[in-house]
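Residue-level structure breakdown
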Protein chains: 2
Amino acid sequence: MRKISDSTIRRLSVYLRFLEQAKSPTISSGELARLGGTTSAQVRKDLSFFGSFGKRGLGYSVPELTRRIRDILGLERGYRVVLVGAGRMGGALVQYHGFRQRGFHITAIYDQDSRKIGSRWNGLVVRDVKHLETDLKKDPSDIAIVATPAESAQHVVDRLVRSGVKAILNFAPVPLNVPPDVEVKTVNMALELETLSYSLANR
Amino acid sequence: MRKISDSTIRRLSVYLRFLEQAKSPTISSGELARLGGTTSAQVRKDLSFFGSFGKRGLGYSVPELTRRIRDILGLERGYRVVLVGAGRMGGALVQYHGFRQRGFHITAIYDQDSRKIGSRWNGLVVRDVKHLETDLKKDPSDIAIVATPAESAQHVVDRLVRSGVKAILNFAPVPLNVPPDVEVKTVNMALELETLSYSLANR
DNA sequence: CCCCCATTGTGAAATAGTTCACAATGCGGA
DNA sequence: TCCGCATTGTGAACTATTTCACAATGGGGG
Ligand SMILES: NC(=O)c1ccc[n+]([C@@H]2O[C@H](COP(=O)([O-])OP(=O)(O)OC[C@H]3O[C@@H](n4cnc5c(N)ncnc54)[C@H](O)[C@@H]3O)[C@@H](O)[C@H]2O)c1
Ligand SMILES: NC(=O)c1ccc[n+]([C@@H]2O[C@H](COP(=O)([O-])OP(=O)(O)OC[C@H]3O[C@@H](n4cnc5c(N)ncnc54)[C@H](O)[C@@H]3O)[C@@H](O)[C@H]2O)c1
């Protein structure tokens, strides 16, 4: 498969959200573009990397395109997700329904702090992080969310990688080192605020 | 000023974080690159858009480069930030110290829910969102964080824009329409998980 | 049955971003 | 003082992404 850019994948994800809300049976690239804040040529180009799903003169069948994009993104299967770090951010994430709706199921929560271990969070008992490796050996997980302080993030990630986790969503504001077969996405909110600061300073 | 790419600004922000932690008095582009996960040429190119801050043969003075980047990003001043939406995500954000450390001060919290209005959050009383416009007229704010459900986000943003807010950090998973002089950054975590899903599905 | 038209799919052109490669240069040591 | 060397700053080359523009075509109406 030829290399598809990250921006294309992100846009597919945006199109998918609108397709799931669409009420008409078909939709044109122009309409999808308007909703997703891009251009119709961009929509068609993005889709063209994966095949040709539309009908000329008509547009795209909403149910079919929905299915195709879900398939491209690998969303037809569900994912087991473990969360490490039962702090404030972890708490917000565990209770968030948007993830589950899209097929990402948080199946375990780990922390280091004895005051948190054993407490029940949204139906899950917070486990001691020392069980991370043995638990993952029993019940493997493809995806982990890291919501520990920055200092522990790399150490936690090393342990996750050794336990076979192949994709990590990281909330700690540090770049993480992982082997090339592991994918990391870091959500760095302070950095987003700083790009806003830059745009305020330069107008 | 010529157009600087978003990726350059984000990298500057990453370099800044390492400069603030550096212990040696100087640092080379190669070292910054290693820490920030990029290349030395990229570091030098990024900086060259704004001037020449290094010494050939030596590298960059850590305190000077720190100051320069803070200045470029507009971080020398502090920012007043209002938060709209006192839910789980809003709660995590209010308590987060990382923002304040970098000069972003949450000065007011708004919600619609009468059960939340009046409660004290980290020293701030949650206010009824109906006061948003009058409060902002009295105490303007450059930056707002939107952490309401997706359905209300556009409406809240319209009100913020009318009240003179010029930069918005949005956590609701919808693209927002704003006039061209207002900058919006959307943090879309479900979308990040979906890019991870794509990478798991395609290996 | 055939024409019209909206809209796709896609090479080619344009633009944006990254990497290369090397001359310029400041510093430390002889 | 002068040499050697590490490292910057930057055009130029390269690579990636977006936009353009138009031929191809499916469907609906006459
Ligand atoms: N709260 C926010 O709004 C926010 C915003 C941006 C970024 N972040 C980042 O998200 C991360 C978590 O933030 P938070 O506010 O939830 O912090 P927090 O201190 O509330 O929670 C961190 C949790 O991680 C646990 N922990 C520490 N070391 C651990 C380890 N080795 N293994 C397992 N658990 C461990 C702690 O016991 C704690 O419960 C931090 O890196 C922070 O910088 C948070
Ligand atoms: N919690 C998470 O981990 C998470 C993750 C990703 C995205 N998000 C997004 O962040 C946003 C907030 O999520 P949450 O989990 O905190 O939801 P939440 O329901 O806990 O909180 C939302 C808050 O917004 C308030 N609100 C609703 N309409 C309002 C209005 N018009 N003006 C002011 N306040 C209003 C509600 O009263 C509530 O207190 C949502 O858009 C959600 O999709 C949350």
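Residues numbered from 1 in each chain as written. Chains lettered and ligands numbered in written order. Predicted model: local features only at pLDDT ≥ 70, side-chain atom pairs only at ≥ 80, totals over all residues. Heavy atoms only, no water.

The next thing to look at is the overall build of chain A. Check the secondary structure of chain A and you find nine helices and ten strands. Along the three orthogonal principal directions, the C-alpha set of chain A runs to about 60 × 45 × 30 Å. In chain A, which comprises 203 residues, the proportion classed as buried is 49%. Across chain A, the fraction of contacts at a sequence separation of at least 24, relative to all contacts at a separation of at least 6, is 54%. In the structure as shown, chain A presents an accessible area of about 10,000 Å², 50% of it carried by carbon and sulfur atoms. Across chain A, the 31 positively charged side chains and the 20 negatively charged ones have centroids separated by 5 Å. (Helix = DSSP H or I, 4+ residues; strand = E, 2+ residues; numbered from the N terminus. Buried < 20%, exposed > 50% of the residue type's maximum accessible area, 1.4 Å probe, protein only. Contact = heavy atoms within 4.5 Å. Areas by Shrake-Rupley, 256 points an atom, 1.4 Å probe, with all protein chains shown as cover. Lys, Arg positive; Asp, Glu negative; His and termini not counted. Charge placed at Lys NZ, Arg CZ, Asp CG, Glu CD.)

Next up on the list: the protein's contact with DNA strand D. DNA strand D sits among 24 residues. The nearest are Arg56 of chain A together with Ser29, Arg44, Gly54 and Tyr60 of chain B. If you look at DNA strand D and keep only atoms within 4 Å of the protein, 61% of those are sugar or phosphate atoms. Here a phosphate oxygen of DNA strand D sits 2.8 Å away from a polar atom, N or O, in the main chain of Gly54 of chain B. Within the side chain of Tyr60 of chain B, one N or O atom sits 2.8 Å away from a phosphate oxygen of DNA strand D. (Near = heavy atom within 4 Å. Polar contact = N/O pair within 3.5 Å; in protein donor to acceptor, adjacent residues only side chain to side chain.)

Since there are 3.6 residues in each turn of an α-helix, residues three or four apart along the chain are aligned in direction. Within helix H5 (residues 88–95) of chain A, six of the eight residues are buried, which leaves it mostly tucked inside the rest of the structure. Residues Met89, Gly90, Gly91, Ala92, Leu93 and Val94 of chain A constitute the buried set of H5 of chain A.

The next thing to look at is the site of ligand 2. In the neighbourhood of ligand 2, 24 residues make up the surrounding shell, with Tyr96 of chain A together with Met89, Asp111, Lys116 and Thr148 of chain B lying closest. Per-site note: the chains with residues close to ligand 2 are chains A and B. Surface burial for ligand 2 is 89%, taken as the share of its 810 Å² of free accessible area covered by protein chains. Mapped onto the shell around ligand 2, the elements with two or more residues apiece are H5 of chain A together with helix H5 (88–95) and helix H8 (150–162) of chain B. The element contributing the most residues to the shell around ligand 2 is H8 of chain B, with three residues. Each residue belonging to the shell around ligand 2 can be placed in one class, and the counts come to 15 nonpolar, five polar and four charged. (Nonpolar A, V, L, I, M, F, W, Y, C, P; charged D, E, K, R; others polar.)

Turning to the sheet that holds strand S4 (residues 79–84) of chain B, a few remarks are in order. Across the sheet, which stays open at both edges, the seven strands sit in the order S6-S7-S5-S4-S8-S9-S10 (chain B) with mixed pairing between neighbours. The open sheet has two free edges, formed respectively by strand S6 (120–121) and strand S10 (183–186) of chain B, since each of these has just one partner strand. Bridge analysis of S4 of chain B against strand S5 (residues 104–111) of chain B gives six bridges, and the strand direction is parallel. What sits directly across from Arg80 of chain B, in S5 of chain B, is His105 of chain B. Contacts from helix H9 (residues 189–201) of chain A reach S4, S5, strand S8 (143–146), strand S9 (167–170) and S10 of chain B, with the element oriented near 160° to S9 of chain B. (Pairing = 2+ DSSP bridges. Axes fitted to C-alpha atoms, helices over the stretch in contact; angles between N-to-C directions.)

What follows is about the site of ligand 1. Surrounding ligand 1, one finds 24 residues, the nearest of these being Met89, Asp111, Lys116 and Thr148 of chain A together with Tyr96 of chain B. The site occupied by ligand 1 is bordered by residues of chains A and B. For ligand 1, an oxygen atom lies 3.4 Å from a polar atom in the backbone of Leu93 of chain B. Elements with a contribution of two residues or more to the shell around ligand 1: H5 and helix H8 (150–162) of chain A together with H5 of chain B. Considered class by class, the residues forming the shell around ligand 1 number 15 nonpolar, five polar and four charged.

Attention now goes to the packing of aromatic side chains. Residues and elements named next belong to chain A. As enumerated under the stated definition, the model contains four aromatic pairs over all chains in all. Ring centres 4.9 Å apart and planes at 85° place the aromatic pair Tyr96 and Phe99 in the edge-to-face group. Using a relative accessible area of 3% as the deciding quantity, one classes Phe99 as buried. (Phe/Tyr/Trp six-rings, centres within 6.5 Å; stacked < 30°, edge-to-face > 60°.)

Each domain of chain A was delimited in the assignment, giving domain 1 (6–72) and domain 2 (79–191). Each of domain 1 of chain A and domain 2 of chain A has a C-alpha centre, and these two points are 32 Å apart. (Domains from an automatic or database assignment.)

Below, the discussion takes up the protein's contact with DNA strand C. Surveying the vicinity of DNA strand C reveals 25 residues, the closest of which are Ser29, Arg44, Gly54 and Tyr60 of chain A together with Arg56 of chain B. Among all atoms of DNA strand C positioned within 4 Å of the protein, those belonging to sugar or phosphate total 62%. Arg44 of chain A has a polar side-chain atom sitting 2.7 Å from a base nitrogen of DNA strand C. Contact distances for DNA strand C include 3.0 Å between a base oxygen and a side-chain N or O atom of Arg56 of chain A. Elements represented by at least two residues in the surface near DNA strand C include exactly helix H3 (40–48), strand S2 (54–55) and strand S3 (59–61) of chain A together with helix H1 (6–21) and helix H3 (40–48) of chain B. Top contributing element to the surface near DNA strand C by residue count: H3 of chain B, with four residues.

Right, let's get into the side chain of Thr8 of chain A. Following the sequence through the fold, Thr8 of chain A ends up in helix H1 (residues 6–21). Other than its neighbours up to four places away in sequence, Thr8 of chain A contacts Asp46, Phe49 and Phe50 of chain A.

Attention now moves to the interface of chain B and chain A. Chain B puts 55 residues into the contact, and the matching count from chain A is 55 residues. Between chain B and chain A, a total of about 5,100 Å² is buried, with carbon and sulfur atoms accounting for 69% of that surface. On the chain B side of the contact with chain A, Leu193, Glu194 and Tyr198 of chain B bury the most area, a combined 14% of that side's loss. The tally of links from chain B across to chain A stands at 16 residue pairs in polar contact (both at pLDDT 80 or more). Of all the elements in the fold, those that place two or more residues in the side of chain B that touches chain A are H1, helix H4 (62–73), H5, S9, S10 and helix H9 (189–201) of chain B. Of the residues forming the side of chain B that touches chain A, the biggest block, 13 residues, is contributed by H9 of chain B. Considering only residue class, the side of chain B that touches chain A consists of 34 nonpolar, eight polar and 13 charged. (Buried area = accessible area lost by both parts, 1.4 Å probe.)

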